[in-house]
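In case you want the letters, here they are:
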Amino acid sequence: MNQVYATKTRNKNNPKPTEVLQPEQWANFGTHLTLDGYLGDSVLLNDMEKVFTVLDTLPEKLGMHKIITPYVIKCGGNDKKDPGGVSGFVMIAESHISIHTFPGRRFVSIDVYTCQDSLATEKIVGILKEEFGLGETETNVIKRGTRFGELAKLS
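Attention in this report is confined to the structure presented alongside it. (Residues numbered from 1 in each chain as written. Predicted model: local features only at pLDDT ≥ 70, side-chain atom pairs only at ≥ 80, totals over all residues. Heavy atoms only, no water.)

Looking at the overall build of the chain
- Regarding its fold elements, the chain presents 4 helices and 8 strands.
- The order of helices and strands in the chain, counted from the N terminus, is β-β-β-α-α-β-β-β-β-α-β-α.
- Going through the 155 residues of the chain one by one, you find that 40% of them count as buried.
- A fraction of 62% describes how many contacts in the chain between residues 6 or more apart in sequence connect residues 24 or more apart. (Helix = DSSP H or I, 4+ residues; strand = E, 2+ residues; numbered from the N terminus. Buried < 20%, exposed > 50% of the residue type's maximum accessible area, 1.4 Å probe, protein only. Contact = heavy atoms within 4.5 Å.)

Spelled out as structure tokens, the structure:
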């Protein structure tokens, strides 16, 4: 049987994981946090440099590891619901983080997806509320691949 390494044991000094997990030990494939932020600071939400900085620094704050430099673009509006804003993405060894801002609506939609079994949800929400001046947030935590350990067979 093949061995699979857990990503949760990676660190900067030792990029190779050290803990071996067998498929029956996997709780799920990953954890996906969706955060919708309301009543945010429209100036911060419209700032490409701010979005870049959040994407550049958040992975390390969460013990994750960037594998590319964040990519951020200014987006034009496409209908009455979407008046435009800033969108950005960073690929991490554990999966990805994306941010889509809508400054004209004082709204932001953020995804943090990791192949780890859990996320520090309260910590993430606190950081993002502060970074974008959010008045309210709505979060969902989705366990992804709940049958992965049962059905994923490595050849």
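Things to note about the sheet that holds strand 4 (residues 71–76)
- Taken together, the 6 strands give an open sheet; going across it, the order is 4-5-6-7-3-8, and neighbouring strands pair in antiparallel fashion. The outermost strands of the open sheet, each flanked by one partner alone, are strand 4 and strand 8 (136–144). When the angles between neighbouring strand axes are averaged without regard to direction, this sheet yields 10°.
- Summarising the sheet, strand 3 (residues 30–38) and strand 8 pair through 9 bridges and their orientation is antiparallel. When the bridges of strand 8 are listed, T34 appears paired with N140. (Pairing = 2+ DSSP bridges. Axes fitted to C-alpha atoms, helices over the stretch in contact; angles between N-to-C directions.)

Here we look at unusual backbone geometry
- The phi dihedral of S95 is positive, around 155°, even though this residue is not glycine.
- Mapped onto the fold, S95 is located in strand 6 (residues 95–102).
- Positive phi, close to 55°, is recorded for R106, a residue that is not glycine.

Quick notes on a nonpolar patch on the surface
- Nonpolar side chains collect at one region of the surface, where I67, I68, F89 and M91 lie side by side and expose about 320 Å² of accessible area between them.
- As for its placement among the helices and strands, I68 is situated in the loop between helix 2 (48–61) and strand 4. (Patch = residues over 30% accessible without salt bridge, like charges linked within 9 Å, V, L, I, M, F, W, Y side chains within 5 Å. Areas by Shrake-Rupley, 256 points an atom, 1.4 Å probe, with all protein chains shown as cover. Salt bridge = Lys/Arg side-chain N within 4 Å of Asp/Glu carboxyl O.)

Observations concerning the pairing of strand 7 (residues 107–114)
- For strand 7, the tally of buried residues reaches 6 of 8 residues, placing the bulk of the element in the interior.
- Judged from the 8 bridges that link them, strand 6 and strand 7 form a sheet pairing that is antiparallel. Within the sheet, the bridge partner assigned to H100 lies in strand 7 and is S109.
- Connecting strand 6 to the antiparallel partner strand 7 that follows it, the hairpin turn spans 4 residues, and R106 within it adopts a positive phi of roughly 55°.

Things to note about helix 2
- Taking 1.5 Å of rise per residue, the 14 residues of helix 2 would be expected to cover 20 Å, and the 20 Å separating its terminal C-alpha atoms lies within 8% of that figure.
- Listed as buried for helix 2 are K50, V51, V54, L55, L58 and P59.
- In this structure, the buried side of helix 2 is in contact with helix 1 (42–45), strand 4, strand 5 (84–92), strand 6 and helix 3 (121–132).
- Its side-chain oxygen placed 2.9 Å from the backbone nitrogen of E49, D47 serves as the N-cap of helix 2. (Expected span 1.5 Å × (residues − 1). Polar contact = N/O pair within 3.5 Å; in protein donor to acceptor, adjacent residues only side chain to side chain.)

Here's the deal with the environment of V54
- Among the structural elements, V54 can be located in helix 2.
- V54 sits in the buried class, given a relative accessible area of 2%.
- With 74 residues separating them in the primary sequence, V54 and L128 have C-alpha atoms 8.2 Å apart.
- Not counting residues within four places of it along the chain, the set of residues in contact with V54 comprises P59, I99, L128, E131 and F132.

Remarks on the side chain of E131
- Residue position: E131 is located in helix 3.
- Residue classification places E131 among the buried residues on the basis of a relative accessible area of 19%.

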